[in-house]
Amino acid sequence: MSRIPMSRLSRLKVTATVGLCVGIGGMHAARAQYVGQVSAIVLDARTGAVLSQQDPDLRRYPASLTKLMTLYLAFKAVRTGQVTLDQPMPVSIHAASMEPSKLGLRPGSTLTVEQAVLALVTKSANDAACALGEFLGGGDETRFAAMMTREAGRLGMYDTVFRNASGLPNPEQMTSARDLAVLARHLIVDYGEYYHYFAVPGFYFHGHEVPNHDPMLGAYPGADGLKTGYTAVAGHNLVTSAVRDNVRLIGVVMGAKSNNRRNATMTALLDNGFEAKGIAPVAPTPAARPATRPLLLARAGGGAVAGRHGAHGVSLASMRLNPVQPDEVAEAPSIPASYTRIRRGHGTVVHVHPATVHARVHLVGMGHVAHATHARAKARS
């Protein structure tokens, strides 16, 4: 009987272990990236310069952060005139079947593009995300996911692959903290006229209040978006942008063990980033006295608006924002056990919103300061 050299035996053991993890127990291979290991990055939104990072290129499940790309493509379609914000979209059986978090859309019903946008940035509704993806993808969410992946490549998100519009678990849907920071920056730079949606504390849909899940809004001074995300295998994820004293930062935290840990990590990272930029600390808003901001009602046309204020009118009603909102759970009953790692080298006040303009929000004052109109929209591939 021939003897196998120890070096070769060691290699065989490693190969067998990797094969077992990827083939039979791919779920465990995926989980190994997330448990107790956080990926994070902070960027200067103006320059794109990295201020801090921790395993930013580790490929991870995006969960509902996926919806940032769904929103990016929705804003692109509105900007280029392919769709309008008050355009109704059909709800398919497939879209209505999505797992919570969801609006509870019924097959055969409709919602407007803007209602879908609001549902994504507030409740992170998976049924609305799917309906929006199908609409933009010509009736096919899979086709839309391919569009998402191509757009990711165009933006330089080389560690990112999308398989659906919502972020519900799929073992092939991967991204990284760095790629999400790139995407967040492009949302701000490319489609700043729509960035205000991320800061709404909630909206009314068919008479029901839908609050925003983003815990940083009203809690972290200067924070004005973007998105939370959670699944069991992805962990607790968060992308946040905040502005202070003419400096806007973008932070990404992925794979935290809990909401509290994730929020504390993001707070510390942004605080350190502002300090590095010479910005003095700001005391947080006391939890007992949450910020009061307008509650947005979607445009007339989708049945959710109390009154009409023109083609582009919106109503605003006061509410208090609870800074401690539960995050969405975007989970499916099961996930295929396969995984492949790929690397690359408040009385009511009414506000009439003006007709949509091609405007870029100043990087520093996004959502809070006046917009500067640019001459023309960027050409998009």
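Relevant structure appears above.
Below is a short write-up of the structure. Because the structure is predicted, anything quoted here is derived from the model rather than measured.

Looking at unusual backbone geometry
Part 1 of the reasoning: Here the bond from Pro100 into Ser101 is cis, since omega is 10°, no more than 30 degrees from zero.
Part 2 of the reasoning: Checked against the element boundaries, Ser101 lands in the loop between helix H4 (93-96) and strand S4 (110-112).
Part 3 of the reasoning: One non-glycine residue with positive phi stands out, namely His206, at about 50°.
Part 4 of the reasoning: Tracing the chain through its elements places His206 in the loop between strand S5 (202-205) and strand S6 (208-211).
Part 5 of the reasoning: Given the relative accessible area of 43%, His206 is considered partly exposed.
Part 6 of the reasoning: A positive phi angle, near 45°, is found at Asp245, a position not held by glycine.
Part 7 of the reasoning: With respect to the helices, strands and loops of the structure, Asp245 is situated in the loop between strand S8 (235-244) and strand S9 (247-256).

A look at the pairing of S8
Part 1 of the reasoning: The buried count for S8 comes to ten of ten residues, which makes it a mostly enclosed element.
Part 2 of the reasoning: As paired elements, strand S7 (residues 223-231) and S8 share seven bridges and run antiparallel to each other. Residue Ala223 lies in a different strand from S8, and its bridge partner there is Ala242.
Part 3 of the reasoning: Between S7 and S8, which pair antiparallel one after the other, the connecting turn spans three residues.
Part 4 of the reasoning: Across eight bridges, S8 lies against S9 in antiparallel orientation. Its bridge partner being in S9, Arg244 is matched across the sheet by Val247.
Part 5 of the reasoning: Here S8 folds back onto S9 in antiparallel fashion, the turn holding two residues, of which Asp245 has a positive phi close to 45°.

Quick word on the side chain of Arg60
Part 1 of the reasoning: Assignment of secondary structure puts Arg60 in the loop between strand S2 (50-54) and helix H3 (67-79).
Part 2 of the reasoning: Although Arg60 is buried, it forms no salt bridge, and the closest oppositely charged side chain is Asp55 at an N-O distance of 6.2 Å.
Part 3 of the reasoning: At 2.8 Å, the side chain of Arg60 and the side chain of Ser39 are in polar contact.

Points about the nonpolar core
Part 1 of the reasoning: Counting residues in hydrophobic clusters, the biggest one holds 66 residues, and the most contacted among them are Met69, Phe75, Leu103, Leu111 and Phe198.
Part 2 of the reasoning: With nine residues, the top contributor of residues to this core is H3.
Part 3 of the reasoning: Ignoring any residue separated from it by four or fewer positions in sequence, one finds Phe75 in contact with Val117, Leu187, Tyr191, Tyr194, Tyr197 and Phe198.
Part 4 of the reasoning: Formed by 17 residues, the second largest nonpolar core is a distinct cluster that contains Val38, Ala40, Ala256 and Phe274.

Some words on empty space enclosed by the protein
Part 1 of the reasoning: Put simply, the largest cavity is a space of about 60 Å³.
Part 2 of the reasoning: Along the lines of polarity and charge, the residues of the lining of the largest cavity split into seven nonpolar, four polar and no charged.
Part 3 of the reasoning: Its boundaries defined by the atoms lining it, the second largest cavity holds a volume of some 30 Å³.
Part 4 of the reasoning: Looking at the second largest cavity, the residues that line it are Val121, Thr122, Asn212, His213, Asp214, Leu226, Lys227 and Thr228.
Part 5 of the reasoning: Elements represented by at least two residues in the lining of the second largest cavity include exactly helix H5 (113-122) and S7.
Part 6 of the reasoning: Of all the elements, S7 adds the most residues to the lining of the second largest cavity, at three residues.
Part 7 of the reasoning: Considered class by class, the residues forming the lining of the second largest cavity number two nonpolar, four polar and two charged.

Calculation notes
- Residues numbered from 1 in each chain as written.
- Predicted model: local features only at pLDDT ≥ 70, side-chain atom pairs only at ≥ 80, totals over all residues.
- Heavy atoms only, no water.
- Helix = DSSP H or I, 4+ residues; strand = E, 2+ residues; numbered from the N terminus.
- Buried < 20%, exposed > 50% of the residue type's maximum accessible area, 1.4 Å probe, protein only.
- Pairing = 2+ DSSP bridges.
- Lys, Arg positive; Asp, Glu negative; His and termini not counted.
- Salt bridge = Lys/Arg side-chain N within 4 Å of Asp/Glu carboxyl O.
- Polar contact = N/O pair within 3.5 Å; in protein donor to acceptor, adjacent residues only side chain to side chain.
- Core = buried A, V, L, I, M, F, W, Y, C linked by side-chain atoms within 4.5 Å.
- Contact = heavy atoms within 4.5 Å.
- 1 Å grid on protein atoms, 1.4 Å probe; cavity = no way out; pocket = protein on both sides within 12 Å on 5 of 7 lines; lining within 4 Å.
- Points joined across faces, edges and corners; volume = space filled by probe spheres on them.
- Nonpolar A, V, L, I, M, F, W, Y, C, P; charged D, E, K, R; others polar.

Fair warning: the whole summary comes from geometry, so function is off the table for now.
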